[in-house]
Amino acid sequence: MGKYLKIAGIFFAGFVLLLALGIALFALTFDTEQLKPHIEKLAHQQLDRDVSIKGPVTLSFFPWLGFTAEKISVSNAPGFTNEVLAQLNRLNIRVKLLPLLSRSVEIDRITVEGLNLNLEKNTEGQGNWQSKSKAIKTDPSLPVPDLVKPKDGASPDTIPAIGALAIAGLTIEQGQVSWSDQTKDDHWTITDFTLNTEALIINEPIPVKLSFEYSNPAAQLTDSTNFSANLLIKPDFQVFFLEKALLQTKIKSPSVPAGELSVNLTANAELDLNENRLKINDSKLQADELTLSSDLVISDLFTAPHSEGRFQLHPFNLAKLLNRWGFALPAMQKNTAMTLAAAEFSLKTTPDNVLVDPLKIQLDDSVLQGKAHIDAISTTPFTHFNLSIDQLNADNYLPAKDPKEKSKSTLASPGAALAVAMSALPAKTLEKINAEGNLTIDSLTIQNLKLSGLSLTLSAQQGHVKTQQVISGLYQGAYQGSMDFNGKTASPPKISIQERIVDLQLEPFLTDLKGQAKLSGKLNLNTQLQSLGLEKSLLLSTLTGQFDFLVKDSVIKGFNLQAIIDNAKTAIKGSPVKTDHPKDQTLFSEISGSGQIAKGVMTNKDLNAKSSKLNAKGSGTIDLNTEQVDYKLNATLLKSKTSESGENAPISASITGTIDQPFITFDVAQFLIDQNTDKIEKKKDKLLKKLDKKFGPGASDLLKRFF
């Protein structure tokens, strides 16, 4: 048996030797230049472009079946700028011959040198790589191979499976791609394109390295990119893995901080063409101050992509980042404001929907949590949200105060603030806002006011915005209001605001707001306002509505009406007047009133203030356009039970100036005259009698004509 095997081995070796000698003799005598016209013609039919090979063509047959060609060019389509679509300095492909007999494919390193692609779009939007005829052409002069007959029960389209495939590697060197889009005047180039792989073995990790330089002169942008990964290809060529992928890019442009930005991305990825799915795991993106970690799965990748992922934006210094990106921030009241920011969220998307749930964003000591959902992205996007903030000190983010400047605190009601915010937005922007949802804030500090239990309900659709707002903790009281901003059916938009304050304690409220409180008591207020929006001047000049208020157990500090009257009396008598009244105040058991607003002017005709010692009534106006105040008051001192019967004369007062700086003037002289009318009359009669006695009857009548 061994003898026969030995003979068979010798016979086979001789056959291989003769085959090799035959192939070598053919290679030495065959003129490869004769192949060029056939190759060029076949390539022209397949590409619908003229193809020329100006360099030598080399063939090898044993042990490698190989093809090498140099200086290959493919012509451009008519009407484009460049003469050639593609150029190639050198192409080398070799396949080992003997393994082909067992349906195994062993390919030597594929080398592509000096690839140059010129891609263009003309003004009509057609690319120079597109062919007018999509049909595949054939050369009738070339032999047509016989079709492989399928086995019994097999489909005629079935291709015999490859037993094994191995490629020693792929090298692309000195590649270049230029892009020109005449429809957008967009031009960029990729140079120094290099791709290197180790041996391409199916179902085993393949190290891959890629690098290139990108340049866009119009955008003044250059980019240097390096990529490396281990590529694994499954035998069915339907599943691909990227392991330990690393992308490093350095962007240079005047529009990035310091003219340069480095971006690093690491990840593992899986592309499954059978499942039409892409998975990206353990991804970490680092750019400037930012680090983003994520896991993402995209299903129905090539049909209707659906994605689901988790993202984490690691803590970073937001103020530093904004300053680096050219957003100059003013000095804020808290010097550590905006130095800590972070976010976490889960994301689900479909072609027409986006869901963010849960969502968590941190800014300094504040944490926002909740969820958001966007529907109908492709048509009319509509946002739903439910968000909450645990605590927020808005004062931390206001410009720092100058100690030399006197602070001015201007406070707007929540409804008015929302109306002004809506008016500040362009009409076209408002029309695009379609949303509904809720926002709650457990505690809020703004203009040094401490509020708690805040909630906002928003409904906005095509320029019509409605809100309902509540403050359950408002200095031992509460606030409730609503705002209706209708820019959908009215131009300019119509604004309607209704607000109510119940049992607000004025003293601590004003102390926090102004630094001191000259008024205390429990405030109840109702307002119903209407206006036209989009400009502040229009908001005020068209403001109309009505209001009413009631202040219980009020104390007005800084003046004592009784003391002012007593001092006037003392001054008349010539006695010294006491000027030091550090605890001067006037107590009222109740202050109430109501009124109308027309064209931004508040008119009140029924001001009524009651106390145990006096009653005051008044009327006046406050012009919100100019902030001018014009009020007239009449106060009447009540007589005690032990005093003489009758009522005291009223004291007149005027309030003028501005809302921030009012001036109060009392007409005490007239009050004293009115208070002593009887005494003055008696004194006058006595003097007239003396006149008649001295000059005779009738003298007093002559004098009365002058009084």
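As the structure is a computational prediction, the values presented were derived from the model and not from experiment. Within every chain, residues take consecutive numbers counted from 1 along the sequence as written. Residues qualify for local features only when their pLDDT is at least 70, as the model is predicted, and side-chain atom pairs are given and counted only at 80 or more; totals for whole chains, interfaces and linings, by contrast, use all residues. With hydrogens and water set aside, each side-chain value is computed from the structure's full complement of heavy atoms.

Enquirer: Teacher, can you tell me more about helix α2 (residues 35–47) here?
Expert: An α-helical turn contains 3.6 residues, so any two residues separated by three or four positions project in the same direction. When the terminal C-alpha atoms of α2 are compared, their 18 Å separation across 13 residues agrees well with the 18 Å that a helix rising 1.5 Å per residue should span. Residue exposure (1.4 Å probe, protein chains only): buried if accessible area is under 20% of the type maximum, exposed if over 50%, otherwise partly exposed. Each helix is a run of H or I in the DSSP string that is no shorter than four residues. Each strand is a run of E no shorter than two, and both are numbered from the N terminus. Three or more residues of α2 are buried, namely K36, A43 and Q45. Between two residues, a contact is recorded if the distance between any of their heavy atoms is within 4.5 Å. Summarising the contacts, the buried residues of α2 are in contact with β1 (51–53) and β2 (57–60). Among the residues trailing α2, D48 stands out with phi positive, at a value near 60°. Take the number of residues in a helix, subtract one, and multiply by 1.5 Å to get its expected span.

Enquirer: Any chance you could explain the packing of aromatic side chains here in plain terms?
Expert: Each pair of aromatic rings is reported with the distance of its centres and the angle of its planes. For this analysis, a ring pair means two rings from Phe, Tyr or Trp (six-membered ring only for Trp) whose centres lie within 6.5 Å, classed as stacked if their planes differ by under 30 degrees, edge-to-face if by over 60, and tilted for the remaining angles. Considering all chains together, one arrives at six aromatic pairs under this definition. The interplanar angle of 40° and the centroid separation of 6.0 Å between the aromatic rings of W129 and W179 together place this pair among those described as tilted. Of this pair, W129 sits in the loop between β7 (116–121) and β8 (164–167) while W179 sits in strand β9 (residues 170–181), and the two are 50 residues apart along the sequence. A ring pair is formed by W188 and Y214, whose centres lie 5.6 Å apart and whose planes are at 45°; its orientation type is tilted. Of this pair, W188 sits in strand β10 (residues 186–197) while Y214 sits in strand β12 (residues 206–216), placing them 26 residues apart in sequence. An aromatic cluster is built from W129, W179, W188 and Y214, whose rings are joined through pairwise contacts.

Enquirer: What is the right way to read the side chain of D181 from this model?
Expert: On the secondary structure map, D181 appears in strand β9. Residues scored as positive are Lys and Arg, those scored as negative are Asp and Glu, and His as well as the terminal groups of each chain are ignored. Counted as salt bridges are all cases of a side-chain nitrogen of Lys or Arg within 4 Å of a carboxyl oxygen of Asp or Glu. Within the buried set, D181 has no salt-bridge partner at all; the shortest N-O distance to an opposite charge, 4.7 Å, is to K184. Polar contact is the term for a pair of N or O atoms within 3.5 Å; when the atoms are in protein, one must be able to donate a hydrogen and the other to accept it, and sequence-neighboring residues count only if both atoms are side-chain atoms. For D181, the side chain forms a polar contact with the side chain of T183, separated by 2.4 Å.

Enquirer: How do you make sense of the nonpolar core when you look at a structure like this?
Expert: Note on soluble globular proteins: their nonpolar side chains tend to be buried together. By nonpolar core we mean a set of buried residues, namely Ala, Val, Leu, Ile, Met, Phe, Trp, Tyr and Cys, connected to one another through side-chain atoms within 4.5 Å. Core analysis: the biggest nonpolar cluster contains 43 residues, and L451, L474, Y475, L504 and F509 have the highest contact counts within it. Here L504 is in contact with L474, Y475, G477, F509, G521, K522 and L523, once residues within four sequence places are set aside. Counting residues in hydrophobic clusters, the runner-up holds 23 residues, among them V57, I72, I172 and V208.

Enquirer: Looking at this structure, how should I read unusual backbone geometry?
Expert: In most cases, non-glycine residues show a negative phi, while peptide bonds are predominantly trans. With an omega of 0°, the peptide bond between D357 and P358 qualifies as cis. Residue placement: P358 occurs in strand β20 (residues 353–363). Positive phi, normally seen in glycine, also occurs at N203, with a value near 70°. Considering the arrangement of structural elements, one finds N203 in the loop between β11 (200–201) and β12. Under the relative-accessibility criterion, N203 is labelled partly exposed at 38%.

Enquirer: What should I look at first to understand helix α4 (residues 414–424) in this one?
Expert: Buried residues of α4: G415, A419, M422 and S423, and no others. One face of α4 carries all of its buried residues, which in axial projection span an arc of 100°. Here, the arc refers to the directions that run from the helix axis to the C-beta atoms.

Enquirer: Please clarify how the environment of I664 should be interpreted in this entry.
Expert: Examined against the element boundaries, I664 turns out to sit in strand β35 (residues 662–666). As for I664 and L633, which are separated by 31 residues in sequence, their C-alpha atoms are 10.0 Å apart. Setting aside chain neighbours within four positions, we find I664 in contact with S654 and I655.

Enquirer: Even after reading the chapter, I still don't get the pattern of salt bridges, so can you show me in this structure?
Expert: Pairs may arise between side chains of opposite charge once their charged atoms sit close together. One pass over the structure, following the stated rule, counts 11 salt bridges. In this structure, R310 engages D295 in a salt bridge whose closest nitrogen and oxygen atoms are separated by 2.8 Å. Placement of the pair is R310 in strand β18 (residues 306–316) and D295 in strand β17 (residues 290–299), with a sequence separation of 15 residues. We classify R310 as partly exposed; its relative accessible area is 36%.

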